[in-house]
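Chain residues, written in single-letter form:
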Amino acid sequence: MSGLAVRFRELWDEIAPIGRDAHSGGYLRYALTAPELRLREWFRAQADLRGMPVSGDGNGNLFAWWGEPPTGGPNTGDPDTGGPAGAGAVLTGSHFDSVPHGGAYDGPLGIVSALLAVDELRAAGVTPVRPVVVAAFVEEEGARFGVPCLGSRLLTGEIDADRAAGLRDAAGVSFAEALGHRPAGADPALLGRFAAFVELHVEQGRALVDADAPVAVASAIWPHGRWRFELRGEGNHAGTTRMADRRDPMLTFAFTVLAANKEARLRDAHATVGRVAVEPNATNAIPSTVTGWLDARAAAPETLDGLVEAVRAKAAERARRDGTELTVTRESATPLVTFDGGLADRLAGLLAAPVLPTGAGHDAGVLAAHLPTAMLFVRNPTGVSHSPAESATDADCAAGVVALARVLEELACH
Ligand code: HGY
Ligand code: MN
Ligand code: MN
């Protein structure tokens, strides 16, 4: 195994146990909970070992600076001096948080690889002429507070700080309470210091396996979003209520899930209902309410719109038949992201790597609307993600570090 693969494994093994569920082998690293807070402390310690000062933006995002960090200011920007501190910085990194029982690599691989890429450049005697900044974005998965890419949406102003502050987890804890303060919101001064963002991420599919390549460059992110389907009926006794007398929201919900699956297949799109809440959630009680979340994604915006509208219409039609009431609420949406073509082509040429679209959302998808942004994917032999089965070999992770180091050298060191 190469020296870099050994160094990767050593660093990786420092975080691998953190938040890992012994039963499933998956990770329970929800934003700002104990495991993720431990990872944030690990990140600060690693940055400290490298002499990289860590700044925050008041939204829960962390930034480790190789080169001159900004000073002062409410978040970390420095509007008073307006100084170029950190001007033209190249941002990299990713997120630590996971979906419930998620894989080890989704997020942390981008952060560990960025730290190792800095090590590689330093070992080669390379010094950046513009700062290289490693980010740890908060709540990328939206697994705790329900809005994905919450940290990067706050930084860029794509979500209102008051709305974010009031988001609550399943235990009723607000984001502001978990953060310890109201999030600071948009930080244009800090954002303006970044000339580009490059996020390395484990591939969430098998395209690199099929291409027999360890690393790819991203071309686009499918438009996608989350819609909450709330169905209200009449709670009643499972044993004494005749079938004809029921107003059962579970029946409407079941039909809605089948409709989502069919409408997605008809459009070559993706529809998933992986989360449901039932009240009162008792074996011998007809539910009073059933709430399900639709995750819908498609290659084109109009296909996505058509899919969601078709599912909503079919659910509403079924609700009328079942005597139930339906409310559909969009909780988050990400438009089609087309990464900076010039940057993608430049990196694909530099790395001799294939260029791939993805159906997965990322902080890079949010930042792409605000600064030149690129993504690197690292091969995942199983192609599976958001599951303990997610994987990557140390050799491919090392190849990802080498690729990221070359990109950072290209963007920040000349
Ligand atoms: O849901 C997604 O696509 C991403 O993993 N947050
Ligand atoms: Mn994910
Ligand atoms: Mn991710």
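Residues numbered from 1 in each chain as written. Chains lettered and ligands numbered in written order. Predicted model: local features only at pLDDT ≥ 70, side-chain atom pairs only at ≥ 80, totals over all residues. Heavy atoms only, no water.

(A) Quick look at the coordination of the manganese ion (ligand 2). Looking at the metal site, the manganese ion (ligand 2) is ligated by Asp106 (OD), Glu141 (OE), Glu141 (OE) and His386 (NE2), spaced 2.0 to 2.8 Å from it. Along the chain, the residues that donate to the manganese ion (ligand 2) are spaced as D-x34-E-x244-H. Here the manganese ion (ligand 3) and the manganese ion (ligand 2) are spaced 3.5 Å from one another, each receiving a donor from aspartate 106. Of this pair, aspartate 106 sits in the loop between β3 (89-95) and α3 (108-123) while histidine 386 sits in the loop between β15 (373-378) and α13 (394-412), and the two are 280 residues apart along the sequence. Note on aspartate 106: relative accessible area 4%, which makes it buried. Classification of histidine 386 by relative accessible area gives partly exposed; the value is 40%. (Donors = N, O, S within 2.8 Å, 3.2 Å for Na, K, Ca; no water. Helix = DSSP H or I, 4+ residues; strand = E, 2+ residues; numbered from the N terminus. Buried < 20%, exposed > 50% of the residue type's maximum accessible area, 1.4 Å probe, protein only.)

(B) Summary view of the coordination of the manganese ion (ligand 3). Note on the manganese ion (ligand 3): its protein donors are His95 (NE2), Asp106 (OD) and His201 (NE2). The metal-donor distances range over 2.1 to 2.2 Å. Each donor residue of the manganese ion (ligand 3) belongs to the same chain, with the gaps between them written as H-x10-D-x94-H. The buried category is assigned to histidine 95, whose relative accessible area is 0%.

(C) Quick peek at the UniProt feature "binding site: allantoate" (unreviewed entry) in the protein chain. The feature "binding site: allantoate" (unreviewed entry), as given by UniProt, occupies Arg226, Asn284 and Arg297 in the numbering adopted here. An extended arrangement is adopted by the annotated residues: their sequence extent is 72 residues, and the largest C-alpha distance between any two is 35.7 Å. Within the element layout of this structure, asparagine 284 appears in the loop between β9 (270-279) and β10 (285-286). Under the relative-accessibility criterion, asparagine 284 is labelled exposed at 52%. In contact with asparagine 284, not counting residues within four places along its chain, are Asn236, His237 and Ala238. On the accessibility criterion, arginine 297 (17% relative accessible area) is buried. Once residues lying within four places of it in the same chain are set aside, the contact partners of arginine 297 are Trp222, Pro223, His224, Ala269, His270, Leu304, Leu307, Gly359, Ala360 and Gly361. (UniProt positions renumbered as here; feature names shortened; annotations may be inferred. Contact = heavy atoms within 4.5 Å.)

(D) Quick peek at helix α9 (residues 249-267). The end-to-end C-alpha distance of α9, which contains 19 residues, comes to 27 Å, matching closely the 27 Å that a straight helix rising 1.5 Å per residue would cover. Of all the residues in α9, the buried ones are Pro249, Thr252, Phe253, Thr256, Ala259, Ala260, Glu263 and Ala264. All buried residues of α9 lie within an arc of 125° about the axis, which places them on one face of the element. Exposed side chains of α9 directed beyond 90 degrees from the buried face belong to Leu258, Arg265 and Leu266. Packing partners of the buried residues in α9 comprise β7 (224-232), β9, β11 (289-297) and α10 (301-322). Two or three places before methionine 250, at the opening of α9, aspartate 248 has a side-chain oxygen 2.8 Å from that residue's backbone nitrogen. One or two steps after α9, the chain reaches aspartate 268, where phi turns positive at roughly 55°. (Expected span 1.5 Å × (residues − 1). Arc of directions from axis to C-beta. Polar contact = N/O pair within 3.5 Å; in protein donor to acceptor, adjacent residues only side chain to side chain.)

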